[in-house]
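# Observations on chain architecture
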Amino acid sequence: MVGDPATVVLADTYLRGIQDFDINTAYTAMQKSADVALNNPLRPQNSDYLQLGYVPVDDEGAYDGSVSTSLEYFLADFNLGVLAQALGKTKDAETYLARSQGYRKLFDKQTGMLRPKKRDGSWLTPYDPELGRNFEPAPGYIEGNAWNYRFYVPHDIPGLIGLLGGEKNFVTQLDATFTSNNYDMANEPDIAYPYLFNFVKSKAHKSSTKVAKLIKEHYHNTPAGLPGNDDAGTLSAWLVFSMMGIYPTSPGSMDYAIVSPSFDEINVQLSEKYYSGKQLVISKSLDKTSTLNGNKIDGDFVSHQQLVKGVKLSLGSN
């Protein structure tokens, strides 16, 4: 609802190989939305964002949470940056990718949260990270609280792990999101969080366990069998990807986190209009080993470019 989602969708679509549209015209429009400071209908908070590197909480309205909006702008700039790289626009890429790192300015070491900040650089005080549950109004956040947005830096999870003090504390805090009932399956900001354990190799098995548990608890073959408003199919898409055993943790990144699939075998027919491969076959591994065309996968991710060649992907439980 906030941010610059068209930039994200256009860039990610092009990078995934669907390129039968005028990317140069699109790129010009995306740059305009990113760079125009005043009277910008796509990024209303862009003047402050360009000057400060984040959206301040000072003049916040009811539907423009400063932290939420900032995080969406960072993600849009990341996507514009990687698209610029793909188009050979090196200087543009450097500019937008640098902007996408602005989330670090909102990281509060004391609380470990991405916290509302004022225009003068001071933190919003008093501050309650729990405020905003169940769609209650909360300064800084849209339809959620600080926990729901705590890991919403999908384009730089390794960087966020560093800010949180390393892998051990990252996993501890990610676990705490679920055990403290601050994970919301019914809304979009945090729905990729169950897959973030894949960024810590020794804990990747937690992703498979968590995803399977969430499917069982929140999705049912009954009326109203979704956990919340499907919002143009987002919650359904989460289920489809999750049951397939692959999940795109960030737009603009071509990696899918892998978990154990729900079915013994899944056949995906690839469009010959866009991809060289004809069929992607995903099967459930008989052991914990994940392989691509019979070769063991090194790590807990697989790339889009590999999958669209038409491969046999066998997935274990990490």
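Treat the numbers as computed from the prediction; the structure is a model and nothing was measured. (Residues numbered from 1 in each chain as written. Predicted model: local features only at pLDDT ≥ 70, side-chain atom pairs only at ≥ 80, totals over all residues. Heavy atoms only, no water.)

Here helix H4 (residues 66–86) contains 21 residues, and its C-alpha end-to-end distance of 30 Å stays within 8% of the 30 Å for a straight helix at 1.5 Å per residue. At the C-terminal side of H4, Gly88 shows a positive phi close to 80°. (Helix = DSSP H or I, 4+ residues; strand = E, 2+ residues; numbered from the N terminus. Expected span 1.5 Å × (residues − 1).)

Next up on the list: the packing of aromatic side chains. The full count for this structure, using the stated rule, is 16 aromatic pairs. Ring geometry for Phe241 and Tyr247: centres 6.0 Å apart, planes at 75°, overall edge-to-face. Summarising the aromatic geometry, the rings of Phe241 and Tyr256 are spaced 6.3 Å apart at their centres and angled 35° between planes, so their arrangement reads as tilted. Here Phe241 is found in helix H10 (residues 234–244), whereas its partner Tyr256 is found in strand S4 (residues 255–258), with 15 residues between them in sequence. With a relative accessible area of 27%, Phe241 lands in the partly exposed category. Tyr256 sits in the buried class, given a relative accessible area of 7%. Pairwise contacts between aromatic rings join Tyr195, Tyr219, Trp238, Phe241, Tyr247 and Tyr256 into one cluster. One residue, Arg43, lies across the ring of Tyr73, its end atom 5.1 Å from the ring centre. Lying across the ring of Tyr54, Lys117 places its NZ or CZ 5.7 Å from the centre. (Phe/Tyr/Trp six-rings, centres within 6.5 Å; stacked < 30°, edge-to-face > 60°. Buried < 20%, exposed > 50% of the residue type's maximum accessible area, 1.4 Å probe, protein only. Lys NZ or Arg CZ within 6 Å of the ring centre and 35° of its normal.)

Further remarks concern the environment of Leu280. With respect to the helices and strands, the residue Leu280 is situated in strand S6 (residues 279–284). Residue classification places Leu280 among the buried positions, given a relative accessible area of 5%. In sequence terms Leu280 and Leu292 are 12 residues apart; their C-alpha atoms lie 11 Å from each other. Contact partners of Leu280, with chain neighbours within four places excluded, come to Ile266, Asn267, Val268, Leu270, Leu307, Val311 and Leu313. (Contact = heavy atoms within 4.5 Å.)

Across 4 bridges, S6 lies against strand S10 (residues 312–315) in parallel orientation. Each bridged residue has a counterpart across the sheet, and for Lys284 the counterpart in S10 is Leu315. With 2 bridges connecting them, strand S7 (residues 291–292) and S10 associate as antiparallel partners. Each bridged residue has a counterpart across the sheet, and for Leu292 the counterpart in S10 is Leu313. (Pairing = 2+ DSSP bridges.)

The next subject is the environment of Ser100. Position of Ser100 relative to the elements: it lies in the loop between helix H5 (90–99) and strand S1 (107–108). You can call Ser100 buried: its relative accessible area is 2%. Between the alpha carbons of Ser100 and Val153 there is a distance of 9.3 Å; along the sequence they are 53 residues apart. Those residues in contact with Ser100 that lie beyond four places of it in its chain are Phe74, Asp77, Phe78 and His155.

Once that is clear, we can look at the packing of helix H9 (residues 205–218) against H10. Two elements in contact, H9 and H10, have axes separated by 11 Å at closest approach and are oriented at 130°. Of the possible angle classes, the one that applies to H9 and H10 is oblique. Every pair of crossing elements has a handedness; the one defined by H9 and H10 is left-handed. Facing H9, whose interface residues are Val211, Leu214 and Ile215, H10 presents Trp238, Leu239, Ser242 and Met243. Taken together, the residues of the contact of H9 with H10 sort by class into 6 nonpolar, 1 polar and no charged. (Axes fitted to C-alpha atoms, helices over the stretch in contact; angles between N-to-C directions. Parallel < 35°, antiparallel > 145°, perpendicular 65-115°, else oblique. Left-handed = near helix turned anticlockwise from the far one by under 90°. Nonpolar A, V, L, I, M, F, W, Y, C, P; charged D, E, K, R; others polar.)

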